[in-house]
Amino acid sequence: SVFFFEGDDRNETRTERDPMGRLLATGDIHGHAAALHALIEAIAPQRDDTWVFLGDYIDRGPESRQTIDAILALRKKCKIVTLRGNHEQMLMEAYDDLQKGDSYQYDFWLEVGGQETVASYDGSLDNVPKEHWKFYRELLWYHETDDFL
């Protein structure tokens, strides 16, 4: 599909839909849920589309929690594939170390964007919903199709 956007007027032109759907890829959202919502609206995903998210959903931006909520909700519109980025990996390591009484990884993570993620969960990782922990733990290391790795 081809999208054309000119000035303030959005003129969308699509080629004939591929019966297999589109393969879409997006990375480095970094807690900017409003931008993700705008992208979802512009792309208008369909059931036959596959949207691959390349990681780094969290940190730096103010809306990490809302970003994860948006990706989870997108499952109702199209097939999604979610890969693990280094920021999700740092979150998981920080959380696991905190459970063991060690704050080194947590302190490091806070310095590279984790503060904004913690703030989006009302100031504590204890407020991360179980559904979000499940999402983080199930992130894939890679995704392969017939044409792409």
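So, how was this worked out
Note that residues are indexed from 1 along each chain, following the sequence as it is written. For this predicted model, a pLDDT threshold of at least 70 governs which residues receive local features, and a threshold of 80 or more governs which side-chain atom pairs are given and counted, while totals over whole chains, interfaces and linings are taken from all residues. Here the side-chain values reflect all heavy atoms present in the structure, with hydrogen atoms and water set aside. Aromatic pairs are defined between Phe, Tyr and Trp rings, using the six-membered ring for Trp, whenever the two ring centres lie within 6.5 Å; interplanar angles under 30 degrees are classed as stacked, those over 60 as edge-to-face, and all others as tilted. In DSSP terms, a helix is any run of H or I states spanning at least four residues, a strand is any run of E spanning at least two, and both are numbered starting from the N terminus. We call a residue buried when its accessible area falls under 20% of the maximum for its residue type, exposed when it is over 50%, and partly exposed in between, using a 1.4 Å probe and counting protein chains only. For a ring to carry a charge above it, either NZ of a lysine or CZ of an arginine must fall within 6 Å of the ring centroid while also lying within 35 degrees of the normal to the ring plane. For two strands to pair, DSSP has to find at least two bridges joining them. Helix axes are fitted to C-alpha atoms over the stretch in contact, other axes to C-alpha atoms as well, and angles between N-to-C directions run from 0 to 180 degrees. By convention in these notes, a salt bridge is any Lys or Arg side-chain nitrogen within 4 Å of a carboxyl oxygen on Asp or Glu. Think of a polar contact as two N or O atoms within 3.5 Å of one another; within protein, one of them needs to be a possible hydrogen donor and the other a possible acceptor, and neighboring residues in sequence only count if both atoms come from side chains.

Student: So what exactly am I meant to see when it comes to the packing of aromatic side chains here?
Tutor: Here the distance between the centres and the angle between the planes together describe a pair of aromatic rings. Taken as a whole and assessed by the stated rule, the structure comprises 7 aromatic pairs. Relative to W109, the ring of Y106 has its centre 6.0 Å away and its plane inclined at 55 degrees; by these criteria the two rings are tilted. On the criterion of helical spacing, the pair formed by Y106 and W109 is a turn pair, its members being 3 residues apart in helix α4 (residues 104-120). Since its relative accessible area comes to 17%, Y106 is described here as buried. A relative accessible area of 0% means that W109 is categorised as buried. Relative to Y136, the ring of W133 has its centre 5.9 Å away and its plane inclined at 65 degrees; by these criteria the two rings are edge-to-face. Taken together, the residues span about one helical turn, with W133 and Y136 both in helix α5 (residues 130-137) at a distance of 3 residues. Using a relative accessible area of 11% as the deciding quantity, one classes W133 as buried. What makes Y136 buried here is its relative accessible area of 0%. In textbook terms, an aromatic cluster arises when at least three aromatic residues are bridged by ring pairs, as seen for W51, F53, Y57, Y95, W133, F135 and Y136. The cationic tip of R84 hangs over the ring face of W141; the distance from NZ or CZ to the ring centre is 4.9 Å.

Student: Just checking my understanding: could you explain the sheet that holds strand β1 (residues 23-26) for this structure?
Tutor: Within a beta sheet, neighbouring strands are joined by backbone hydrogen bonds and run either parallel or antiparallel to one another. Taken in spatial order, the 3 strands line up as β1-β2-β3 in an open sheet, and their pairing is parallel. Looking along the sheet, the strands with just one partner apiece sit at the ends: β1 and β3 (79-82). If you compare each strand with its neighbour and ignore which way they point, the axes differ by 20 degrees on average. Taken together, the 4 bridges between β1 and strand β2 (residues 50-53) define a ladder with parallel strand orientation.

Student: What am I meant to see in the pattern of salt bridges here?
Tutor: One side chain can pair with another of opposite charge once the charged atoms of both are near each other. Applying the stated rule across the entire model yields 4 salt bridges. The shortest N-O distance in the salt bridge between R137 and D96 comes to 3.4 Å. Separated by 41 residues along the polypeptide, R137 in helix α5 and D96 in helix α3 (residues 86-99) bring together distant segments of the chain. On the accessibility criterion, D96 (30% relative accessible area) is partly exposed. With a closest N to O distance of 2.8 Å, K134 and E138 form a salt bridge.

Student: Just checking my understanding: could you explain the environment of E88 for this structure?
Tutor: Along the chain, E88 falls in helix α3. The class of E88 is buried, set by a relative accessible area of 0%. Remark: the alpha-carbon pair of E88 and G114, spanning 26 residues in sequence, is separated by 9.8 Å. Within polar-contact distance, the side chain of E88 engages the backbone nitrogen of G85 at 2.8 Å.

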